[in-house]
Amino acid sequence: MNKAKSFSISKQLVWEAYQRVRANGGAAGVDNQSLQGFEENLKDNLYKLWNRLSSGSYFPPPVRRVEIPKKDGGKRPLGIPTVADRIAQMVVKLVLEPEVEPYFHEDSYGYRPGRSAVQAVGVARQRCWRYDWVIDLDIRAFFDSMDHTLLMRAVCKHTQNPWIRLYMERWLKAPVQLEDGTLEERSAGSPQGSVVSPLLSNLFLHYAFDAWMQRNHPGIPFERYADDAIVHCKTESEARQMLNEIRDRLAECGLELHPDKTKIVYCRDGYRRGRYPDVQFDFLGYSFQPRHAKSYRGNLFLSFLPAVSAKAGRAIRKVIRSWRTHRWTQLTLEELAKTFNPVLQGWINYYGQFYRSKLASILGQFDYALQRWARRKYKRLKYSPTQARAWVKRIARHNLSLFAHWPITFAGMTER
């Protein structure tokens, strides 16, 4: 390493960071430079970035803000750093993450190596069987509300590395460029969409929530994925007391619970009686609510179970409609399967982990699209939706594995 440099940052680390950013893709930032554009002069661009990071002269450019629609009709602000800035942030993440990861709580699942949303849903399912009540927490505008002083205090607690501290502080202070080109200074928060924001959010909530819960309420279990969390309680009174304490604790850290979206839920099933206003909550794309299930002996009973949520189902149907599959008549059925199976399988891998049958009616939207495709492709089916539906069923009967979702939508069908 060059002794003239202020900080010891290896070129290999910068190269590894670039490889990670390249794999993740992403849009251009305020400089309008795409990943492909950055790679046109890759060697020089990476060298310049390494040189600035190592000398302490790297100052992050503004973050481009875009707004994407939310499922509830609102808009979610996303921050898009430049390609070079994403690589610089990845350099810091690669060094800092291994230092903080061992300290995180076992029930923190978001953006962590070896942990997933499906794991969080599975643990929540088990605990809903053992605890009668759930507090469904929703933190209002979390990524825009993180206190910078508290955040830097947490960063400094876990690393003595001067260049990590320096660049973290600079990223927190970097302005946001709005869609009209104006710059907006930031006094709190970390842009959702940046490379370091997930790590910073976990670090912030580790001290604001996880460690506080472990210290003050070790007998109260919870699952947290980023800013989405649920807490399990044995009684309604315990849930109400806990909610008040959590609200006060988060307020101490500059955070606010959403008054309309935060609620206490009763996990009603066949053994839990009583009428309560809330017996359902959504968590990570799953809806937890009373559902019929079969025992090992084949008897039906009422349980409290997760299944793909109505919001997630609407989003899936919307994507399927946007494909306009009926217009792809130049392709064969096998080519259609090759094109769409990766996405269909991705939905199944996530939303099919629990109460898979709920997916049938949702993914059936694609079977309807296949029927429309068949009517446009084959003249004999053009004027007969009934025959087109029978045609799809016949193909599925003889080749159930052709499309990833057919074992769900045509469950029990075998070749004759």
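To be clear, the structure that these remarks concern was listed above.
Quick summary incoming for the structure in this document. Model, not experiment: these values are computed from the prediction. Along each chain, numbering runs from 1 in the same order as the chain's sequence is written. Reporting in this predicted model follows two pLDDT cut-offs: at least 70 for local features of residues, and 80 or more for side-chain atom pairs to be given and counted; totals over whole chains, interfaces and linings ignore these cut-offs and use all residues. Note: side-chain values were computed over all heavy atoms of the structure, leaving out hydrogens and water.

Describing the packing of helix 11 (residues 310-323) against helix 13 (residues 359-377)
Axes are the key here: two packed helices are described by the angle between their axes and the distance separating the axes. Going by this rule: To get an axis, fit a line to the C-alpha atoms, keeping to the stretch in contact for a helix; angles then go from 0 to 180 degrees between the N-to-C directions. Every helix listed is a DSSP run of H or I at least four residues long, and every strand listed is a run of E at least two residues long, numbered separately from the N terminus. Our angle categories are set so that under 35 degrees counts as roughly parallel, over 145 as roughly antiparallel, 65 to 115 as roughly perpendicular, and the remainder as oblique. Here, two residues are considered to be in contact whenever any of their heavy atoms come within 4.5 Å of each other.
In the contact formed by helix 11 and helix 13, the axes pass within 9 Å of each other and the chain directions differ by 5°. The angle between helix 11 and helix 13 falls in the class roughly parallel. Of helix 13, the residues touching helix 11 (which contributes Gly313, Ile316, Arg317, Ile320, Arg321 and Trp323) are Ser361, Ile362, Leu363, Gln365 and Phe366.

Points about the side chain of Arg170
Basically, it comes down to this: Buried, partly exposed and exposed residues are distinguished by accessible area as a fraction of the type maximum, computed with a 1.4 Å probe on protein chains only: under 20%, between the cut-offs, and over 50%, respectively. When charges are counted, Lys and Arg contribute as positive and Asp and Glu as negative, whereas His and the chain ends are disregarded. The salt bridge criterion pairs a side-chain nitrogen of Lys or Arg with a carboxyl oxygen of Asp or Glu, the two atoms within 4 Å.
Mapped onto the secondary structure, Arg170 falls in helix 8 (residues 162-173). Lacking a salt bridge, the buried Arg170 has Glu169 as its closest oppositely charged neighbour, with an N-O distance of 7.8 Å. Arg170 has contacts with Gly56, Ser57, Tyr58, Phe59 and Pro60, leaving out every residue within four places of it along the chain.

Remarks on the environment of Glu99
Here is the rule: As used in this structure description, the phrase polar contact means that two N or O atoms lie within 3.5 Å; if the pair is within protein, one of them must be able to donate a hydrogen and the other to accept it, and residues adjacent in sequence are counted only when both atoms belong to side chains.
Considering the arrangement of structural elements, one finds Glu99 in helix 4 (residues 83-100). As for Glu99 and Leu200, which are separated by 101 residues in sequence, their C-alpha atoms are 13 Å apart. Apart from the residues within four sequence positions on either side, Glu99 is in contact with His158 and Thr159. Polar contacts involving the side chain of Glu99 include one to the side chain of Thr159, which spans 3.4 Å.

A short note on unusual backbone geometry
Positive phi, normally seen in glycine, also occurs at Ala226, with a value near 55°. Structurally, the position occupied by Ala226 is in the loop between strand 6 (222-225) and strand 7 (228-233). The backbone of Leu284 sits at a positive phi, close to 55°, despite the residue not being glycine. Judged by relative accessible area, Leu284 falls into the buried class, the value being 16%.

Re the layout of surface pockets
Test applied: Method remark: on a 1 Å grid restricted to protein atoms, a set of points is classed as a cavity if a 1.4 Å probe fits but cannot get out and as a pocket if it is open with protein on both sides within 12 Å along at least five of seven lines; lining residues have an atom within 4 Å of a point. Grid points are joined across faces, edges and corners, and a volume is the space filled by probe spheres set on the points.
Looking at the largest pocket, its volume works out to about 1,500 Å³. Taken together, 49 residues form the lining of the largest pocket, with Lys70, Arg76, Asp138, Asp227 and Asp228 sitting closest to its centre. Listing elements by their share of the lining of the largest pocket, those giving two or more residues are strand 1 (63-69), strand 2 (75-80), strand 3 (133-138), helix 6 (142-145), strand 9 (281-283) and helix 12 (333-351). Per element, the largest residue contribution to the lining of the largest pocket is five residues, and it comes from strand 2.

Some details on the sheet that holds strand 10 (residues 286-294)
Note the cut-off: For two strands to be treated as a pair, DSSP must find no fewer than two bridges joining them.
In space, the three strands of this open sheet follow the order 9-10-11, with antiparallel pairing throughout. In this open sheet, the two edge strands, each paired with only one partner strand, are strand 9 and strand 11 (300-308). Averaged over all pairs of adjacent strands, the angle between strand axes in this sheet comes to 50°, irrespective of strand direction. The pairing of strand 10 with strand 11 spans nine bridges and is classified as antiparallel. Bridge assignment links Pro290 to a residue of strand 11, and that residue is Phe304.

Here we look at the nonpolar core
To keep things clear, this is the line we draw: In plain words, nonpolar cores are sets of buried Ala, Val, Leu, Ile, Met, Phe, Trp, Tyr and Cys residues tied together by side-chain atoms within 4.5 Å.
Ile87, Leu137, Trp163, Met168, Met213, Val231 and Ile246 are the most contacted members of the largest nonpolar core, which has 70 residues in total. In contact with Ile246, other than residues within four places in its own chain, are Leu137, Phe209, Trp212, Met213, Val231 and Leu257. Core analysis: the second largest hydrophobic core is formed by 49 residues, Phe283, Leu344, Tyr350 and Ile362 among them.

Structural notes on the packing of aromatic side chains
What counts, and what does not: We call Phe, Tyr and Trp rings a pair once their centres come within 6.5 Å, taking the six-membered ring for Trp, and we label the pair stacked below 30 degrees between planes, edge-to-face above 60, and tilted otherwise.
What the rule picks out here adds up to 29 aromatic pairs. Measuring from ring centre to ring centre gives 5.9 Å for Trp406 and Phe410, while their planes differ by 75°; the resulting arrangement is edge-to-face. Residue Trp406 is classed as buried on the basis of its relative accessible area of 1%. On the basis of relative accessible area, Phe410 is assigned to the buried category, the value being 10%. Feature note: the residues Trp323, Trp328, Phe340, Trp347, Phe366, Phe403, Trp406 and Phe410 constitute an aromatic cluster, connected by ring pairs.

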